[in-house]
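Residue-level structure breakdown
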Amino acid sequence: MQSLLFHVLRALGRAQALRRKLVSRTPPPPADALLCTALALAWHADDAPYEPFTLVNQAVEAAKRNVATKAQAPFINACLRRFLRERDTLVAATDTDPVARWNHPQWWIAKLQKDHPQHWQQILHANNGRAPMILRVNGQKSTVAQYQKALAAINIEATPVGEWGLALQHPRPVAELPGFAQGLVSVQDAAAQQAAPLLLRGLDLAQPLRVLDACAAPGGKTAHLLEYAGASSPLQVTALEVDVARSVRIHETLDRLGLRAQVLVADAARPQEWWQPHCEGIPFDAILLDAPCTASGIVRRHPDVRWLRREADIAQLAVQQARLLKALWPLLRPGGRLLYCTCSVFREEGDAQVQSFLAHNTDARLLPSPGHLIPGIANNGEVVRDNAPGDHDGFFYALLQKME
Ligand SMILES: C[S@@+](CC[C@H](N)C(=O)[O-])C[C@H]1O[C@@H](n2cnc3c(N)ncnc32)[C@H](O)[C@@H]1O
């Protein structure tokens with residue numbers, strides 16, 4: 001079901017453009033949904049999950065069986081049969097429509113063209129692909145080489161990515177991964193795996209440093225911070241999450257991996273409510289702010305995001321991100337570091353956010369940072385400024401230091 005749904009979402013722009021060519025008036029929503037679903041699955045014969053004739057027959061059967069679409073079954077049948085007869089002409093007629101070509105809303109395409117004039121096509125192309133499944137090996141329990149061997153022993157092929165990552169040749173349910181329940185590995189994209197080393201590299205981890213993970217659920221990066229520091233490090237991590245239900249997942253993540261952190265349910269933008277009562281008001285040595293964002297960098301994992309987001313969400317989220325940065329900066333000790341990141345490729349949530357922060361905070365300086373990571377680059381030889389090699393999601397990282 002999910003695989004079919006994701007397929008439809010990755011081809012919805014094309015399907016809606018084809019539907020407009022087939023009918024002049026939009027059918028009632030349930031019939032339209034069924035018609036567009038069938039068109040999205042069948043439009044590209046080489047990529048269709050079933051024989052296009054089967055898809056058409058099944059769509060018409062489904063229409064007949066549902067009271068909401070029953071009356072439109074003959075209409076859906078007529079549209080889809082015509083589509084099969086005239087497919088090449090109809091597809092060619094939609095090729096000039098960017099929404100059909102790229103399967104993203106027009107505003108999203110225009111935004112990427114403006115924000116990434118060199119790479120917008122590459123980003124859209126990556127967004128329509130399928131993301132690889134990447135594991136992060138828990139350095140406290142195994143090594144990349146050992147785990148790769150354990151996978152090979154059960155015929156799971158994997159290639160090392162980055163310091164702790166293994167990319168699986170084919171995605172697998174986690175229950176099939178050796179030692180998953182015992183915390184040997186986690187699932188985490190290669191771009192997200194850069195957070196812990198970026199924040200902690202070069203710090204003296206033999207000291208009892210205090211680290212705040214300000215937006216922590218489900219705890220992927222909290223766990224990586226602890227794994228990275230190592231079992232013998234006295235690193236103290238406070239994991240903050242505003243959403244009670246999501247905070248439960250931080251405990252689950254830490255329990256599975258055998259790690260410990262202070263988990264607080266609180267609003268990071270209102271430190272007056274939790275910093276003094278739970279952290280004695282002592283400044284942190286390092287802060288990770290993995291801020292809520294549009295998730296425009298992880299579209300290939302969540303193909304619905306592009307259709308559900310509204311352009312106005314970007315500005316609203318940028319305000320929230322700025323509020324979080326402003327509230328957390330005073331909690332950092334002079335000389336300390338704050339890593340700001342989002343899984344977005346939009347500049348308002350990355351570059352522009354950080355430039356505005358630097359302009360308003362003269363005690364902050366930007367340390368060498370990856371900046372915007374462009375999704376889907378798989379050693380294709382293309383050079384992108386500061387982009388890490390290998391396939392990964394779209395992300396943004398800026399490492400800020402507070403001057404002493
Ligand atoms: C991008 S996700 C974090 C992912 C997490 N760092 C990880 O690697 O697993 C952002 C999280 O921030 C939480 N959040 C949003 N606003 C917050 C706030 N004001 N204070 C604390 N948490 C917040 C959201 O509920 C969400 O769980």
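Residues numbered from 1 in each chain as written. Predicted model: local features only at pLDDT ≥ 70, side-chain atom pairs only at ≥ 80, totals over all residues. Heavy atoms only, no water.

Considerations on the sheet that holds strand β11 (residues 395-402)
Quick note on the threshold: Think of it this way: DSSP has to see at least two bridges between two strands before they count as a pair. To qualify as a helix, a DSSP run of H or I must reach at least 4 residues; to qualify as a strand, a run of E must reach at least 2; elements of each kind are numbered from the N terminus. Between N-to-C directions, angles span 0 to 180 degrees; the directions come from axes that are lines fitted to C-alpha atoms, helices contributing only their stretch in contact. Whether two residues are in contact is decided by their heavy atoms, any of which lying within 4.5 Å being enough.
Taken together, the 7 strands give an open sheet; going across it, the order is β7-β6-β5-β8-β9-β11-β10, and neighbouring strands pair in mixed fashion. Each having just a single partner strand, β7 (262-265) and β10 (364-373) make up the two edges of the open sheet. Here the average twist between neighbouring strands, direction ignored, is 15°. Pairing analysis gives 4 bridges linking strand β6 (residues 236-241) to β7, with the strands arranged parallel. Bridging from a neighbouring strand, E241 pairs with V265 of β7. Contacting β5 (210-213), β8 (284-290), β9 (332-342) and β11, helix α16 (residues 311-328) runs over the sheet at an angle of about 165° to β9.

Focus on the sheet that holds strand β1 (residues 134-137)
Read across the open sheet, the 4 strands follow the order β2-β3-β1-β4; overall the sheet is antiparallel. A strand with exactly one partner marks an edge of an open sheet, and here the two such strands are β2 (158-161) and β4 (185-187). Mean inter-strand twist for the sheet, computed between neighbouring axes without regard to direction, equals 30°. Across the sheet, helix α12 (residues 220-229) is in contact with β1 and β4; its angle to β1 comes to roughly 35°.

Description of the site of the ligand
Note the cut-off: The criterion for a residue being near a molecule or strand is simple. One of its heavy atoms has to lie within 4 Å of it. In the analysis that follows, any N or O atom pair within 3.5 Å is treated as a polar contact, provided that within protein one partner can donate a hydrogen and the other can accept it, and provided that, for residues neighboring in sequence, both atoms belong to side chains. Accessibility throughout is a Shrake-Rupley quantity obtained with a 1.4 Å probe, and a residue counts as covered only by protein chains that appear here. Amino acids are sorted into nonpolar (Ala, Val, Leu, Ile, Met, Phe, Trp, Tyr, Cys and Pro), charged (Asp, Glu, Lys and Arg) and polar (every other residue, Gly among them).
The ligand sits among 18 residues. The nearest are E241, R246, D267, A268 and D290. Note that a nitrogen atom of the ligand is positioned 3.1 Å from one of the backbone N or O atoms of C215. V242 places a main-chain nitrogen or oxygen 3.2 Å from a nitrogen atom of the ligand. For the ligand, the protein covers 85% of the area, taking 600 Å² as the surface of the free molecule. Looking at the shell around the ligand, its residues break down into 10 nonpolar, 2 polar and 6 charged.

What about the UniProt feature "binding site: S-adenosyl-L-methionine" (unreviewed entry) in the protein?
Counted only if it meets this: UniProt positions are given in the numbering used here, feature names are shortened, and annotations may be inferred rather than shown by experiment. Here's how the labels work: a residue is buried when its accessible area is under 20% of the maximum for its type, exposed when over 50%, partly exposed in between, all with a 1.4 Å probe on protein chains only.
Mapped onto the present numbering, the UniProt feature "binding site: S-adenosyl-L-methionine" (unreviewed entry) falls at C215, A216, A217, P218, G219, G220, K221, E241, D267 and D290. Position of A217 among the secondary structure elements: in the loop between β5 and α12. Of note, G219 is situated in the loop between β5 and α12. Owing to a relative accessible area of 0%, G219 belongs among the buried residues under this scheme. If we ignore the near neighbours within four places in the chain, the residues touching G219 are I250 and T253.

A short note on the packing of aromatic side chains
Note the cut-off: Aromatic rings from Phe, Tyr and Trp, taking only the six-membered ring of Trp, are treated as a pair when their centres fall within 6.5 Å; an angle between ring planes under 30 degrees marks them as stacked, one over 60 as edge-to-face, and anything in between as tilted. Here, a charge over a ring is recorded when the distance from Lys NZ or Arg CZ to the ring centre is within 6 Å and its angle to the ring normal is within 35 degrees.
If you walk through the whole model with that rule in mind, you get 7 aromatic pairs. With 6.3 Å between their ring centres and 50° between their planes, W107 and F346 make a pair best called tilted. Taken together, the positions of W107 in helix α8 (residues 106-115) and F346 in the loop between β9 and α17 (351-360) put the pair 239 residues apart, joining distant regions of the chain. Judged by relative accessible area, F346 falls into the buried class, the value being 0%. When the centroid spacing of 6.1 Å and the interplanar angle of 65° are considered together, the rings of Y340 and F396 count as edge-to-face. You can see Y340 sitting in strand β9 and its partner F396 sitting in strand β11, a full 56 residues away along the chain. Comparing Y340 with F396, the two get one shared label, buried. Every member of this aromatic cluster is reached through a ring pair, and the members are W107, W108 and F346. Sitting over the ring of W102, R101 keeps its end group 4.1 Å from the ring centre. In this arrangement the basic side chain of K111 is found over the ring face of F346, its NZ or CZ atom lying 5.7 Å from the centre.

Quick notes on the layout of surface pockets
If a probe the size of a water molecule is rolled over the atoms, the empty space left behind becomes visible. We apply this condition: In this analysis a 1.4 Å probe is tested at points of a 1 Å grid over the protein atoms alone, and where it fits but cannot get out there is a cavity; an open set with protein on both sides within 12 Å along at least five of seven lines is a pocket; lining residues have an atom within 4 Å of a point. Grid points are joined across faces, edges and corners, and a volume is the space filled by probe spheres set on the points.
Of the voids in this model, the second largest pocket is the one considered here, and its volume is about 420 Å³. Taken together, 17 residues make up the lining of the second largest pocket; nearest its centre are L4, L34, T37, L41 and A62. Elements with a minimum of two residues in the lining of the second largest pocket: α1 (2-10), α3 (29-42) and α4 (52-65). Looking at side-chain class alone, the lining of the second largest pocket contains 12 nonpolar, 3 polar and 2 charged residues.

Points about the pattern of salt bridges
The test is simple: By definition here, a salt bridge exists when the distance from a side-chain nitrogen of Lys or Arg to a carboxyl oxygen of Asp or Glu is within 4 Å.
Taken as a whole and assessed by the stated rule, the structure comprises 21 salt bridges. Its salt-bridge partner being D32, residue R19 comes within 2.5 Å of it at the nearest N-O pair. Residue R19 is located in helix α2 (residues 12-22), and its partner D32 is located in helix α3; the two are separated by 13 residues in the primary sequence. Overall, the relative accessible area of 7% leaves R19 in the buried class. A salt bridge links R323 to D267; the nearest nitrogen and oxygen atoms lie 3.8 Å apart. On the criterion of sequence distance, the pair formed by R323 in helix α16 and D267 in the loop between β7 and α14 (275-279) is long-range, its members being 56 residues apart.

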